[in-house]
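What follows is the residue order along each chain.
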Amino acid sequence: MRQGQLTATIPLSGSVSDDVDLRGGNIIAIAVPTITSGDLLIQGGFDTTSASFVRLLQPGTTPLSGDLRFATGLGSRMVIWPDSFPSPSYVRLETAVPQAAARAFTVRFSSA
């Protein structure tokens, strides 16, 4: 099993990162830097067409009704990804509020 890291950056005054290409891989963890505030949400897509990205729903709930949301507060957190929840081909990280500075998140992944 190969492991690696990718960086997703949310720009100044933005709340959504650039695309993270996870084709053939699964997220293991997300390192959240110090941020302005806000929960971390995850958007997924089958390709890099902007309109194909949608928020992921909370796994393990019936029905799947809530956004997949991690309470990160002011950041400096490590989000451990659920083993039973496969990753989409492409993801974008989203904060609940715009950021006062550019923020670089580290996405740890594994692949066969």
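Basis of the calculations
Residues numbered from 1 in each chain as written. Predicted model: local features only at pLDDT ≥ 70, side-chain atom pairs only at ≥ 80, totals over all residues. Heavy atoms only, no water. Helix = DSSP H or I, 4+ residues; strand = E, 2+ residues; numbered from the N terminus. Rg over C-alpha atoms; globule rule 2.2 N^0.38 Å. Buried < 20%, exposed > 50% of the residue type's maximum accessible area, 1.4 Å probe, protein only. Contact = heavy atoms within 4.5 Å. Phe/Tyr/Trp six-rings, centres within 6.5 Å; stacked < 30°, edge-to-face > 60°. Pairing = 2+ DSSP bridges. Axes fitted to C-alpha atoms, helices over the stretch in contact; angles between N-to-C directions.

1. What to know about the overall build of the chain
Along its length, the chain carries zero helices and nine strands. Helices and strands in the chain line up, N terminus first, as β-β-β-β-β-β-β-β-β. Computed over the C-alpha atoms, the radius of gyration of the chain is 13 Å, within 12% of the 13 Å expected from 2.2 N^0.38 for a compact globule of 112 residues. With the principal axes as the frame, the chain shows a C-alpha extent of 35 × 35 × 30 Å. In the chain, which comprises 112 residues, the share counted as buried stands at 39%. Sequence separation of 24 or more characterises 79% of the internal contacts of the chain that already satisfy a separation of 6 or more.

2. Let's talk about the packing of aromatic side chains
This model, assessed by the stated rule, comprises two aromatic pairs. Note on Phe 70 and Trp 81: the rings are 6.3 Å apart at their centroids and 45° apart in plane angle, and the pair reads as tilted. A residue pair is termed long-range when its members are at least 10 positions apart, and Phe 70 in strand β6 (residues 69-70) and Trp 81 in the loop between β7 (77-80) and β8 (90-95) qualify at eleven residues. With a relative accessible area of 17%, Phe 70 lands in the buried category. Aromatic side chains Trp 81 and Phe 85 sit 5.7 Å apart centroid to centroid with 35° between the ring planes, which places their arrangement in the tilted category. Residue class for Trp 81 comes out buried when judged on its relative accessible area of 3%.

3. With respect to the sheet that holds strand β3 (residues 25-32)
Strand order in the open sheet made by the four strands is β1-β9-β3-β7, with antiparallel pairing throughout. The open sheet has two edge strands, β1 (2-10) and β7, and neither has a second partner. Pairwise comparison of adjacent strand axes, ignoring direction, gives a mean angle of 25° for this sheet. When β3 meets strand β9 (residues 103-111), the two strands line up antiparallel, connected through six bridges. Paired with Ala 31 across the two strands is Thr 106, which belongs to β9.

4. Notes on the environment of Ala 31
Along the polypeptide, Ala 31 turns up in strand β3. For the pair Ala 31 and Ala 104, spaced 73 residues apart in sequence, the C-alpha to C-alpha distance is 9.0 Å. Look past the residues within four positions of Ala 31 in its chain and what remains in contact with it is Arg 77, Met 78, Phe 105 and Thr 106.

5. A short note on the pairing of β3
Pairing geometry for β3 and β7, over four bridges, is antiparallel. Directly across from Val 32, in β7, lies its bridge partner Arg 77.

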